[in-house]
Amino acid sequence: MNSDMSLAGLSLFALVPLFLTGAVLVWFAGARLAGYADTISQRSGIGQATIGVILLGAVTSLPEITTTSVAVISDNPRMAVNNLVGGVAFQVVVIALADLFVGKNALTSMVPGPRVMLNAAVSIVLLVLVALGVMVGDWELWGIGVGFFPVLTATTYLLCLWRLGRSVSSRGWTPEALPEVDRQEEAPSELSNARLFGVTVTAAVLICAGGTLVTLAAEGMAEQTGTDTGVMGLTLLAFATSLPELSTAIAAVRIRRVELAIGDILGGNMFDVTLVLLIDILAAGPLVLNQVDRSAMVAVLLGILLTMLVLIGLLERRNKAMLRMGYDSIAVLVAYSAGLAAILGGAFAE
């Protein structure tokens with residue numbers, strides 16, 4: 001690990017407060033992004049799902065960018081990959097958790113059109129490409145230390161983003177009926193466009209700072225406790241870097257911006273998967289997909305499964321089942337708990 005960036009010399013009593021401070025920064029800034037994004041959506045005329053994918057999806061992925069870069073610079077590429085794939089799985093769980101704040105209707109029954117479903121489908125495609133790269137083995141392109149599958153994943157993401165940015169045909173799939181939604185119309189923001197830009201950038205900077213702090217603190221905690229850095233990336237770090245998605249999703253659901261909430265999470269997942277290319281570019285040594293272990297592979301497959309469950313919920317559009325949650329949300333929580341238990345059980349058994 002790069003000694004200039006390591007916090008491993010600090011005690012746990014110092015590392016835990018640092019980790020919590022970074023997490024609070026990420027949560028605080030992320031909670032305000034939903035309101036800023038909603039204002040931008042209203043002023044620009046861009047749909048909630050598109051804003052969720054492009055703006056919220058990218059900005060709330062800043063912790064993943066910073067944690068990935070810091071982990072690779074600290075000579076921890078495996079932790080970087082595990083953080084990404086673990087975060088993708090946990091961020092789908094955020095959709096299930098946001099379901100608790102909807103009210104009488106299931107979250108996935110309130111989506112009015114196909115764009116969010118397309119986001120889910122693209123997320124699955126990108127995860128499958130990464131899984132293939134791990135299973136069959138990656139190979140270097142052009143002798144520059146970058147693998148074929150990360151490049152293919154990033155290229156696919158850009159092409160899909162371009163297609164998703166185009167208007168969905170009015171002749172496409174539309175629901176026959178939508179549940180009654182008590183949409184809360186907030187008073188128009190008094191922020192000028194310049195100030196709106198400023199506070200959005202400030203929130204992004206706070207997220208970057210918090211993401212860097214939680215990464216360094218998590219690495220230090222892993223060394224102090226003897227925990228494998230890959231396991232730390234799949235669990236504690238994945239949770240911390242998912243805090244922006246959690247806070248923005250809850251904030252968006254509370255003001256009944258459902259497309260914004262789900263679009264943020266799925267858009268962030270799409271973006272996060274492409275960061276494997278960034279790891280390949282920054283990391284020295286073998287191609288990164290050839291370095292990951294079985295737990296990362298299980299996390300990728302778990303992310304595919306969870307996204308499929310959400311997609312099924314979006315297609316089925318079933319209302320509440322129990323515990324203030326739809327069947328799909330309950331299935332996501334059960335599957336994630338089982339998958340995480342399998343990952344941790346396998347890691348500690350080795």
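Residue numbering note: each chain is counted from 1, following its sequence as written. Only residues with pLDDT of at least 70 get local features here, since the model is predicted, and only at 80 or more are side-chain atom pairs given and counted; chain-wide, interface and lining totals rely on the full set of residues. By convention in this description, side-chain values take in all heavy atoms of the structure and omit both hydrogens and water.

**Comments concerning the overall build of the chain**
Phase 1: Secondary structure elements are taken from DSSP: a helix is a run of H or I of four residues or more, a strand is a run of E of two residues or more, and numbering for both begins at the N terminus. Of the regular secondary structure elements, the chain holds 12 helices and two strands.
Phase 2: Three labels apply to residues, based on accessible area from a 1.4 Å probe with only protein chains included: buried if under 20% of the type maximum, exposed if over 50%, partly exposed otherwise in between. A total of 350 residues make up the chain; the buried ones form 55% of that total.
Phase 3: Across the chain, every contact between residues at least 6 apart in sequence was considered, and the portion connecting residues at least 24 apart equals 84%.
Phase 4: All accessibility values rest on the Shrake-Rupley procedure with a 1.4 Å probe; residue burial counts only the protein chains present in the view. When the accessible surface of the chain is totalled, it reaches about 14,800 Å², and 65% of it is carbon and sulfur. Contacts are assigned to residue pairs with any non-hydrogen atoms lying within 4.5 Å of each other.

**So, the packing of aromatic side chains**
Phase 1: Two aromatic rings from Phe, Tyr or Trp, using only the six-membered ring of Trp, form a pair when their centres are within 6.5 Å; if the ring planes differ by under 30 degrees the pair is stacked, by over 60 it is edge-to-face, and anything between is tilted. Enumeration over the complete set of coordinates arrives at five aromatic pairs.
Phase 2: Ring plane angle 70 degrees and centroid distance 5.5 Å describe the contact between tryptophan 139 and phenylalanine 149, whose orientation is recorded as edge-to-face. Of this pair, tryptophan 139 sits in the loop between α5 (115-136) and β1 (140-141) while phenylalanine 149 sits in helix α6 (residues 148-165), and the two are 10 residues apart along the sequence.
Phase 3: Ring plane angle 70 degrees and centroid distance 6.2 Å describe the contact between tyrosine 157 and phenylalanine 271, whose orientation is recorded as edge-to-face. Here tyrosine 157 is found in helix α6, whereas its partner phenylalanine 271 is found in helix α10 (residues 258-282), with 114 residues between them in sequence.
Phase 4: Overall, the relative accessible area of 8% leaves tyrosine 157 in the buried class.

**Examining a nonpolar patch on the surface**
Phase 1: Side chains of Leu12, Val16 and Leu20 sit close together on the surface and give an oily, nonpolar patch of about 230 Å² of accessible area.
Phase 2: Looking at the secondary structure, you find leucine 20 in helix α1 (residues 12-44).
Phase 3: When its relative accessible area of 49% is taken as the criterion, leucine 20 is described as partly exposed. The patches reported here contain residues having more than 30% relative accessible area and no salt bridge. Joining distances are 9 Å for like charges and 5 Å for nonpolar side chains (Val, Leu, Ile, Met, Phe, Trp, Tyr). Salt bridge, as used here: a side-chain nitrogen of Lys or Arg that lies within 4 Å of a carboxyl oxygen of Asp or Glu.

**Re the packing of α5 against α10**
Phase 1: The axes are straight lines fitted to the C-alpha atoms, using for helices just the contacting stretch, and the angles between their N-to-C directions are given from 0 to 180°. Interaxial distance between α5 and α10 falls to 9 Å at its minimum, and their mutual angle equals 20 degrees. The angle between the axes of α5 and α10 places the two elements in the roughly parallel class. Two packed elements cross with a definite hand, and for α5 against α10 that hand is left-handed. Counted together, Val116, Asn119, Ala120, Val122, Ser123, Leu126, Leu127 and Val130 of α5 and Glu259, Ile262, Gly263, Leu266, Asn269, Met270 and Val273 of α10 form the full contact between these two elements.
Phase 2: By the convention adopted, Pro, Cys, Tyr, Trp, Phe, Met, Ile, Leu, Val and Ala count as nonpolar, Lys, Arg, Asp and Glu as charged, and the other residues, Gly among them, as polar. For the contact of α5 with α10, the per-class residue count stands at 10 nonpolar, four polar and one charged. Any angle between 65 and 115 degrees counts as roughly perpendicular, while under 35 counts as roughly parallel, over 145 as roughly antiparallel, and the rest as oblique. Working rule for handedness: look at the near helix, and if it is turned counterclockwise from the far one by less than a right angle, call the crossing left-handed; if clockwise, right-handed.

**Notes on the nonpolar core**
Phase 1: Put simply, a nonpolar core is a bunch of buried Ala, Val, Leu, Ile, Met, Phe, Trp, Tyr and Cys residues held in one set by side-chain atoms that sit within 4.5 Å of each other. Core analysis: the largest hydrophobic core is formed by 86 residues, its most contacted members being Leu107, Ile262, Ile279, Leu306 and Val332.
Phase 2: The element best represented in this core is helix α4 (residues 77-98), accounting for 14 residues.
Phase 3: Leaving out residues up to four positions away in the same chain, valine 332 has contacts with Val92, Val93, Ala96, Leu306, Leu309 and Val310.
Phase 4: Counting eight residues, the second-largest nonpolar core is a separate cluster that includes Ala29, Tyr36, Val199 and Ala204.

**Remarks on the environment of alanine 261**
Phase 1: Summarising the element assignment, alanine 261 is placed in helix α10.
Phase 2: Along the backbone, alanine 261 and isoleucine 250 are 11 residues apart, and their C-alpha atoms lie at a distance of 7.5 Å.
Phase 3: Those residues in contact with alanine 261, other than ones at most four positions away along the chain, are Ala249, Ala252 and Val253.

**Observations concerning the packing of α4 against α10**
Phase 1: It is the contact of α4 with α10, at a shortest axis distance of 10 Å, that shows an interaxial angle of 170 degrees. Considering their axes alone, α4 and α10 lie roughly antiparallel with respect to each other. Facing Pro77, Ala80, Val81, Leu84, Gly87, Val88, Gln91, Val92, Val94 and Ile95 of α4, the residues of α10 in contact are Ile262, Ile265, Leu266, Gly268, Asn269, Asp272, Val273, Leu275, Val276 and Ile279.
Phase 2: Here the contact of α4 with α10 is built from residues that sort into 15 nonpolar, four polar and one charged.

**Concerning the confidence of the model for the chain**
Phase 1: Chain-level statistics for the chain give a pLDDT mean of 78 and a share of 79% at 70 or above.
Phase 2: Confidence scores per residue from the predictor, reported as pLDDT, run from 0 to 100. Below pLDDT 50 for its whole length, residues 183-188 participates in nine contacts with residues either more than four positions away or in separate chains.

**A few points about the environment of serine 109**
Phase 1: The topology assignment puts serine 109 in the loop between α4 and α5.
Phase 2: For the pair formed by serine 109 and glycine 326, sequence separation is 217 residues and the distance between their alpha carbons is 8.8 Å.

**What about helix α11 (residues 294-316)?**
Phase 1: Compared with the 33 Å implied by 1.5 Å per residue over 23 residues, the 33 Å span of α11 between its first and last C-alpha is a close match.
Phase 2: Looking one or two residues past α11, arginine 317 carries a phi angle of roughly 60 degrees, positive in sign. Expected span of a helix, by definition, is 1.5 Å for each gap between consecutive residues, and there is one gap fewer than residues.

**What to know about the environment of leucine 234**
Phase 1: Looking at where leucine 234 falls in the secondary structure, it is placed in helix α8 (residues 229-241).
Phase 2: In this structure the C-alpha to C-alpha distance between leucine 234 and serine 295, which are 61 residues apart in sequence, comes to 8.4 Å.
Phase 3: When residues no more than four places from it in sequence are discounted, the contact partners of leucine 234 are Asn82, Val85, Gly86, Ser295, Ala299 and Ile343.

**What to know about the side chain of aspartate 138**
Phase 1: Mapped onto the elements, aspartate 138 comes out in the loop between α5 and β1.
Phase 2: There is no salt bridge for the buried aspartate 138, and the closest opposite charge comes from arginine 78, which lies 16 Å off by N-O distance.
Phase 3: Pairs of N or O atoms are called polar contacts if they sit within 3.5 Å, as long as, within protein, a hydrogen donor faces a hydrogen acceptor (for residues adjacent in sequence, only side-chain-to-side-chain pairs). Within the structure, the side chain of aspartate 138 is placed 3.0 Å from the backbone nitrogen of phenylalanine 148, a separation counted as a polar contact.
Phase 4: Of the polar contacts made by the side chain of aspartate 138, one reaches the backbone nitrogen of phenylalanine 149; its length is 3.1 Å.
Phase 5: Residues within four places of aspartate 138 in sequence aside, it is in contact with Gly133, Gly147, Phe148, Phe149, Pro150, Asp280, Leu287, Leu289 and Asn290. The sign given to each residue is positive for Lys and Arg and negative for Asp and Glu; His and the chain ends receive no count.

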